[in-house]
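# Coordinate analysis (summary)
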Amino acid sequence: MSNQRKMLITGASGFLGSRIASYYKDKYKVLTPTHGEMDITDERNVVQYFKTYMPEIVIHCAAVADVVTCEREPERSWKINVIGTENIVKAARSVGAICLCCSSDQVYCGIGTMQPNKEADKVYPTNVYGKEKACTEESCLAIYDKSVHLRLAWMYDVYDEKRMDFIKQLKLSRTKEVVFSPMDHRGITDVWEVVKNIEPALELPGGVYNFGSANDRSTYETVLSIFKEKGYNTCFIRKMENANPRNLTMCQNKLNNHGIYFSTTIEGVLKCDF
């Protein structure tokens, strides 16, 4: 339809971007440029693409998201994760587009408390990926104060049989020993809840938002709770010894105040068959 709004999605071949593109393809005129069509690290190339196609909505998912790769290739990841995102935000501002950028709960990696993290809290990222995301949030809001930065949690897709994620770990735990940390606290989110909440997020004022499931238990406690609720045998679930404490949990109050909600981690997983 000619009156469909144009939605540009970067990283549309990736885990989240591909699902967003698939879900919204009939409602919006979805643009999914390849690297050859739009190199996000080349500002002039990005601006030219935007001026040619004039997207009204931008969902920026492209990133080097693997924490290990970022540690190993910091110059490359900086160029893509920071410079690339800044280029997208500059181009979005130039055409007046709504701009949603994917950030990460990894910005909270060095937090010393066990309370759910709030967006206004000072962050202490300890790995390269988290540092890049924290830097990008600040620099991009300075560039375009209407840009929205969504701090995403670890995501799973119950329908994806190939990707090793939390659901696959749970499936494995029914027949084999799997170790989970009693010191790692984080939300774990159904990717399809993220996808469906992208549309209401288009109405958010510029800023940073926690965008995923809340969870008040460690990963080990979460797995035990899910198995007990499902009536599954917990004999193969093992507690990690000498685990390092980490708190990536996210307070949802700011997002809820805008009418956007996620299931808790346990609520979301209990909807799944595994």
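A short tour of the structure in this document, coming up.

### Observations concerning the state of the cysteines
- For the coordinates displayed, the defined rule picks out zero disulfides.
- Of all cysteine sulfurs in the structure, the one in C109 sits closest to C70, which takes part in no disulfide; the separation is 13 Å.
- A relative accessible area of 0% means that C70 is categorised as buried.
- A disulfide-free cysteine, C251 has its sulfur positioned 19 Å from the sulfur of C109, the nearest such atom.

### Some details on the environment of V179
- Counting through the fold element by element, V179 comes out in strand β7 (residues 178-180).
- A relative accessible area of 46% places V179 in the partly exposed class.
- Residues V179 and N256 lie 77 residues apart in sequence; the distance between their C-alpha atoms is 33 Å.
- Sequence-distant contacts of V179, that is, excluding residues within four places in its chain, are made with R238, K239 and M240.

### Here's the deal with the layout of surface pockets
- If you add up the space inside the largest pocket, you get close to 1,100 Å³.
- Together, 40 residues line the largest pocket, and C61, A63, V64, A65 and Y129 are the ones closest to its centre.
- Contributing elements (two or more residues each) for the lining of the largest pocket: α1 (15-24), α4 (74-95), β4 (98-104), α5 (128-143) and β6 (154-156).
- The residue inventory of the lining of the largest pocket, partitioned by class, reads 20 nonpolar, 13 polar and seven charged.

### Remarks on the nonpolar core
- One finds L16, I20, I59, L150 and F211 to be the most contacted residues of the largest nonpolar core, which totals 30 residues.
- Residue assignment for this core shows that the elements contributing at least two residues are β1 (6-10), α1, β3 (57-60), β4, β5 (148-152), α7 (191-201) and β10 (207-211).
- Setting aside its immediate chain neighbours within four residues, F211 contacts L150, R151, L152, A153, V194, N197, I198, A201, M250, L255, I260 and F262.
- Counting residues in each nonpolar core, the second largest holds 26 residues, with M38, V95, C101 and C140 among its members.

Rules and cut-offs
Residues numbered from 1 in each chain as written. Predicted model: local features only at pLDDT ≥ 70, side-chain atom pairs only at ≥ 80, totals over all residues. Heavy atoms only, no water. Disulfide = S-S within 2.5 Å. Buried < 20%, exposed > 50% of the residue type's maximum accessible area, 1.4 Å probe, protein only. Helix = DSSP H or I, 4+ residues; strand = E, 2+ residues; numbered from the N terminus. Contact = heavy atoms within 4.5 Å. 1 Å grid on protein atoms, 1.4 Å probe; cavity = no way out; pocket = protein on both sides within 12 Å on 5 of 7 lines; lining within 4 Å. Points joined across faces, edges and corners; volume = space filled by probe spheres on them. Nonpolar A, V, L, I, M, F, W, Y, C, P; charged D, E, K, R; others polar. Core = buried A, V, L, I, M, F, W, Y, C linked by side-chain atoms within 4.5 Å.

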